[in-house]
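Close look at the chain arrangement
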Amino acid sequence: MPLLPGLLLVSMQQVALTEFQANNDTILEDQDGDRTDWIELHNFGSTNVDLGGWFLTDDAFLPTKWTFPSPTVLGPGKYLLVFASDKDRSVAGQELHLNFKLDSDGEYLALIRSNGITVHQEFAPEFPAQYKDTSFGLAFQPTISPNKVYFQTPTPGSANGAGGPVIKGVEYEPREVQSGQDITVVAEMALLTDAVAVDLRYRVLYQPDSWMPMYDDGTHGDAIAGDQSWTAIIPGNLAGTGEMIRWIAFATDADGGVAHYPALHDLNHSPEYLGTMVLDPSLQSSVPIYHWFVETPSQANTWQGTQCSLFYDGEFYDNINVRKRGGSSSSWTKKSYKFDFNRGDHFEFDKAYGKAEEFNLNTTWSDKSYLRRILCWESYQASGLPACLSFPVHLRQNGEFFALTTFVEQV
């Protein structure tokens, strides 16, 4: 079996650091429920490798920074995950944690032999900048290769793919879209990747998707040619007042690798689209206005609920879950709802209080004063007792008035 560049042979036993993630937001949890950095090692040889006494380090001048416990046997074809959490746990047979974290801006990383001197494999002088929920490592084409690539879909504990381009972010303007205004969308590629085509998929409300090319040629609305910032302009006449418009950026490289943003790592727990809505300047209210978009409103009236989108205060939240809540109110014509947001994309209802993972909008069907629940919570608070934040909300559904509801903080 030929050696990979940067890997050394130990009694015909071969092992490699094949993948790592330095910006883990939604991909993998450790035994404590934390999403920390992680490193994957793979035995691509035909016999066992005992890594006991070997080292991992992020400092070229401190090669013995963290030691594998003995024994740490990695069988042929097997994978081993080590969390770069700074928790420093090294008990054989248990989940392993390094005494350092990985720097997403890029740093040195190496696997060192048991003599504490020999570099078995290294990313030197440092690995490149890392991006949210994207991993980096050795491409499998289809077996392990020396090619270092990004993986938009990380595969901790299993074989890597061939890798591909990475879209590190997508921005748009204007932030407050008025009727007839074009929307300029810019997708920024990671500079290590080489995109040969970038396209924008977009849709208005729940109409079929449409496609348009994005450009990095200094024309078509693009600011600077060749800077890996790709631009498309969505015409302002596509969406009417009160309608939402959403988009996904897709990038393809010369080898056929495809990336998209948002990445949609979890079909029901991460955004599917980015987006916004066309505001109605005549719509004014003394209470917050939440714009709720749902393809099948009747599904929101079930305990399982359905996926939906929400727009408030210039921010768009996609592919969140909404379901009915409550006891007796669940049978009323206007129901109470629970909105549950995706990890890393929580709802900012008030900058003074931070973001909420979930909240409740309670029906006012039985309270035409619209005040009883709010006054109850405020009475608790005035008495020095624990109390939920509560206030009225003007709720609109698919561009139309739906209800005056009561926001209640989820404890």
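Computed from a predicted structure; not experimentally measured.

Under the defined criterion, the tally for this structure stands at 29 aromatic pairs. Ring centres of tryptophan 66 and phenylalanine 68 lie 5.0 Å apart, and the angle between their planes is 75 degrees; on these two criteria the pair is classed as edge-to-face. Assigned by exposure class, tryptophan 66 and phenylalanine 68 land together as buried. Note on tryptophan 377 and tyrosine 380: the rings are 5.6 Å apart at their centroids and 80 degrees apart in plane angle, and the pair reads as edge-to-face. A residue pair is termed a helical-turn pair when its members lie 3 or 4 positions apart in one helix, as tryptophan 377 and tyrosine 380 do in helix 1 (residues 372–382) at three residues. Exposure remark for tryptophan 377: the relative accessible area of 24% places this residue in the partly exposed category. Lying across the ring of phenylalanine 402, lysine 334 places its NZ or CZ 4.9 Å from the centre.

In this section: the sheet that holds strand 18 (residues 229–234). Strand order across the open sheet formed by three strands is 13-15-18, with antiparallel pairing between neighbours. Each edge of the open sheet carries a strand with a single partner, namely strand 13 (167–173) and strand 18. Pairs of neighbouring strands in the sheet enclose a mean axial angle of 20 degrees, with direction left out of account. In the sheet, strand 13 pairs with strand 15 (residues 183–189) via six bridges, with the strands oriented antiparallel. By the bridge assignment for strand 15, glutamate 171 is matched with valine 186.

So, on to the sheet that holds strand 1 (residues 15–21). Ordered in space as 8-7-2-1-11-12, the six strands form an open sheet in which the pairing is mixed. Both edges of this open sheet fall to strand 8 (96–97) and strand 12 (144–151), since each of them pairs with a single strand only. The pairing of strand 7 (residues 79–84) with strand 8 spans two bridges and is parallel. What sits directly across from phenylalanine 83, in strand 8, is histidine 97.

The next thing to look at is the side chain of aspartate 58. Counting through the fold element by element, aspartate 58 comes out in the loop between strand 4 (55–57) and strand 5 (66–67). Among residues more than four places away in sequence, those in contact with aspartate 58 are Lys65, Phe100, Lys101, Glu107, Tyr108 and Leu109.

Moving on, we get to the pattern of salt bridges. For the structure on display, the rule yields 17 salt bridges. Note that aspartate 32 is salt-bridged to arginine 89, the shortest N-O span being 2.9 Å. Pair noted here: aspartate 32 is in the loop between strand 1 and strand 2 (37–43) and arginine 89 is in the loop between strand 7 and strand 8, with a separation of 57 residues, a long-range link. Aspartate 32 sits in the partly exposed class, given a relative accessible area of 39%. With relative accessibility at 28%, the residue arginine 89 sits in the partly exposed group. Here lysine 168 makes a salt bridge to glutamate 188, at a shortest N to O gap of 3.4 Å. Taken together, the positions of lysine 168 in strand 13 and glutamate 188 in strand 15 put the pair 20 residues apart, joining distant regions of the chain. Here the salt bridges share partners, and the residues they tie into one network are Asp30, Asp32, Asp34, Lys87 and Arg89.

Rules and cut-offs
- Residues numbered from 1 in each chain as written.
- Predicted model: local features only at pLDDT ≥ 70, side-chain atom pairs only at ≥ 80, totals over all residues.
- Heavy atoms only, no water.
- Phe/Tyr/Trp six-rings, centres within 6.5 Å; stacked < 30°, edge-to-face > 60°.
- Buried < 20%, exposed > 50% of the residue type's maximum accessible area, 1.4 Å probe, protein only.
- Helix = DSSP H or I, 4+ residues; strand = E, 2+ residues; numbered from the N terminus.
- Lys NZ or Arg CZ within 6 Å of the ring centre and 35° of its normal.
- Pairing = 2+ DSSP bridges.
- Axes fitted to C-alpha atoms, helices over the stretch in contact; angles between N-to-C directions.
- Contact = heavy atoms within 4.5 Å.
- Salt bridge = Lys/Arg side-chain N within 4 Å of Asp/Glu carboxyl O.

Everything listed is a geometric property; what it means functionally is a separate question.
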